[in-house]
Amino acid sequence: MNTTMKTTKILGYLGLLASILVGTGEHLLHYSENVLGHAENYEFFKFVPLENMTIGHFLAVIGLPLYFAGYLHIYQMLKPGNETLARITLGIGFIAFAVGGIWIGSRVSIGNIIHLKQSIDPNTYQILLDKYTNHMEILVQVLRIVIALLSVVFVITILRGETYYKKWMAFFNPIVLLLLVFSTLFWAKPLGKHLAPIAMNVTHFILFGLSLYQLNKQKTNS
């Protein structure tokens, strides 16, 4: 395996590490046994220990920049097929995790506000929640749209051929994987309640894992 491919492999493992660190952090930030059924006004946060939120916040913030390395890995894997499309995928990936980073960094703040509910004037409390929703929750919708757009370019690039991916990899694009993760809430709810709060990270753990598998197959076949 040449130097470029070794670098690509390292970048892939950094992306995988990002999904583990940010996924663990987001799980600590969001998860409790009451995570389902308490979505209104972010009430689920009141069941999450403050210590978990603090640890989760710093794990997520530390891990998130490694996602950019992961998308450099994806770029290198797509580049032989069409460099322009690979660059577009890279650019969209960077935008996705810039947006995601802003959102994940805000979660500990809203979590602490929920814990302070009893000590805040009710009108002020509701205003704080509304302001957070208007400024931060919209980013989740933006992120899903960006990931859908990224997935379209990812699929097109792979199906055109000559990338380091087999064409079946096109099926395992981020938006399909994301929907599959969320679907566990319907067919495997005990598992889904753990996976759904960290769905984007589970999605990328699978994506980078499959990508590294195919890269290692390239090494075997070369």
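Residues numbered from 1 in each chain as written. Predicted model: local features only at pLDDT ≥ 70, side-chain atom pairs only at ≥ 80, totals over all residues. Heavy atoms only, no water.

Asks: Would you explain the overall build of the chain in this entry?
Replies: Secondary structure summary: the chain contains eight helices and zero strands in total. N-terminal to C-terminal, the α/β element order of the chain is α-α-α-α-α-α-α-α. Taking 222 residues into account, the globule formula puts the C-alpha radius of gyration at 17 Å, and the chain, at 19 Å, falls close to it. Overall, the chain is about 65 × 30 × 30 Å in size when its C-alpha atoms are taken along their principal axes. Here the analysis covers contacts within the chain between residues at least 6 apart in sequence; of these, 75% occur between residues at least 24 apart. (Helix = DSSP H or I, 4+ residues; strand = E, 2+ residues; numbered from the N terminus. Rg over C-alpha atoms; globule rule 2.2 N^0.38 Å. Contact = heavy atoms within 4.5 Å.)

Asks: Looking at this model, I keep getting lost on the environment of threonine 8. Mind explaining?
Replies: Looking at the element boundaries, threonine 8 is found in helix H1 (residues 3–30). For the pair threonine 8 and alanine 69, spaced 61 residues apart in the sequence, the C-alpha separation amounts to 9.1 Å. Look past the residues within four positions of threonine 8 in its chain and what remains in contact with it is His73, Gln76, Met77 and Leu215.

Asks: Where do I start with the pattern of salt bridges in this structure?
Replies: Any two side chains of opposite charge can pair, so long as their charged atoms come close to each other. For the structure on display, the rule yields five salt bridges. With a closest N to O distance of 2.8 Å, arginine 107 and glutamate 137 form a salt bridge. With arginine 107 in helix H4 (residues 83–115) and glutamate 137 in helix H5 (residues 122–159), this residue pair connects regions lying 30 residues apart in the sequence. Each of Glu43, Lys46 and Lys117 takes part in one network of salt bridges that share partners. (Salt bridge = Lys/Arg side-chain N within 4 Å of Asp/Glu carboxyl O.)

Asks: How should I be thinking about the nonpolar core in this particular structure?
Replies: Of all hydrophobic cores here, the largest spans 60 residues; its most connected members are Tyr71, Ile74, Phe154 and Tyr165. Those elements that provide at least two residues to this core are H1, helix H2 (50–63), helix H3 (66–78), H4, H5, helix H6 (174–187) and helix H8 (199–221). Leave out the neighbours within four places in its chain, and isoleucine 74 touches Thr89, Phe154, Tyr165, Leu207, Phe208 and Ser211. (Core = buried A, V, L, I, M, F, W, Y, C linked by side-chain atoms within 4.5 Å. Buried < 20%, exposed > 50% of the residue type's maximum accessible area, 1.4 Å probe, protein only.)

Asks: Would you explain unusual backbone geometry in this entry?
Replies: With glycine set apart, most residues show a phi of negative sign, and most peptide bonds adopt trans. Positive phi is not limited to glycine here, since asparagine 41 has a value of about 55 degrees. Looking at the element boundaries, asparagine 41 is found in the loop between H1 and H2. Accessibility expressed as a relative area gives 32% for asparagine 41, which makes it partly exposed. Unusually for a residue other than glycine, tyrosine 42 sits at a positive phi of about 60 degrees. Inspection of the secondary structure puts tyrosine 42 in the loop between H1 and H2.

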